[in-house]
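Close look at the chain arrangement
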Amino acid sequence: MRRARPGALPRGTGSRALSSVGAGADFVGTPADRTTDQEPVVTEEELTRSRLWHITLSVSGSETPLKEVRRGLEQLAHDHPFLLTSRYANDHAEIRYWEEARDLHDAAAVALRLWGEHRSSAKLPPWEIVGLEVIDRETYHLRIAEGYGPPPAAPVGVHPY
């Protein structure tokens with residue numbers, strides 16, 4: 001009896017035969033026993049396609065001089081080039097911008113980190129996030145067309161309330 005790996009040719013033949021291995025439970029192919037009423041296979045390209053999300057981030061906290069708030073928001077706009085508009089008062093601000101992300105969860109996660117990650121570099125006030133709205137591009141444009149929702153971000157920039 002010869003001892004060898006399954007599918008291996010005898011030594012000295014110079015090439016190896018290919019053998020098949022059973023697919024695991026998470027295999028996404030089309031095995032013979034798969035029925036046609038199951039969900040279609042989604043390709044990796046379709047899974048990683050990103051979309052545009054409109055973000056409205058609201059922050060609030062203790063009173064801070066308006067000049068400092070404005071300077072911090074202007075620096076944030078410089079650091080984060082997709083920032084559309086910011087409105088501010090001495091104890092709260094609203095930041096609106098577009099974010100590119102795979103899905104709502106990714107867009108929200110990035111938005112929730114924005115203020116904290118730029119707090120020291122932009123010298124932003126030590127405020128906390130008190131509101132977050134994340135909507136897809138189609139919903140944003142639908143709201144605008146129907147006359148409700150946030151008006152288009154014009155004028156772009158940093159403005160007092």
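Residues numbered from 1 in each chain as written. Predicted model: local features only at pLDDT ≥ 70, side-chain atom pairs only at ≥ 80, totals over all residues. Heavy atoms only, no water.

**Re the nonpolar core**
Among the nonpolar cores identified, the biggest contains 23 residues, and Ile-55, Leu-73, Leu-76, Ile-95, Tyr-97 and Trp-115 are the most heavily contacted of them. When residues of this core are traced back to their parent elements, those giving at least two are strand 1 (51-60), helix 2 (66-79), strand 2 (83-88), strand 3 (92-101) and helix 3 (104-118). Once you skip the residues sitting within four places of it in the chain, Trp-115 turns out to touch Leu-57, Val-59, Leu-73, Ile-95, Leu-124, Pro-125, Trp-127 and Ile-129. (Core = buried A, V, L, I, M, F, W, Y, C linked by side-chain atoms within 4.5 Å. Buried < 20%, exposed > 50% of the residue type's maximum accessible area, 1.4 Å probe, protein only. Helix = DSSP H or I, 4+ residues; strand = E, 2+ residues; numbered from the N terminus. Contact = heavy atoms within 4.5 Å.)

**Let's talk about unusual backbone geometry**
The phi dihedral of Lys-123 is positive, around 55°, even though this residue is not glycine. Here Lys-123 shows up in the loop between helix 3 and strand 4 (128-136). A relative accessible area of 57% means that Lys-123 is categorised as exposed.

**With respect to the side chain of Asp-136**
Structurally, Asp-136 is set in strand 4. For Asp-136, a relative accessible area of 15% puts it in the buried group. Non-local contacts of Asp-136, meaning those with residues more than four positions away in its chain, are made with Arg-51, Leu-52 and Trp-53.

Read these as spatial facts, not as claims about activity.
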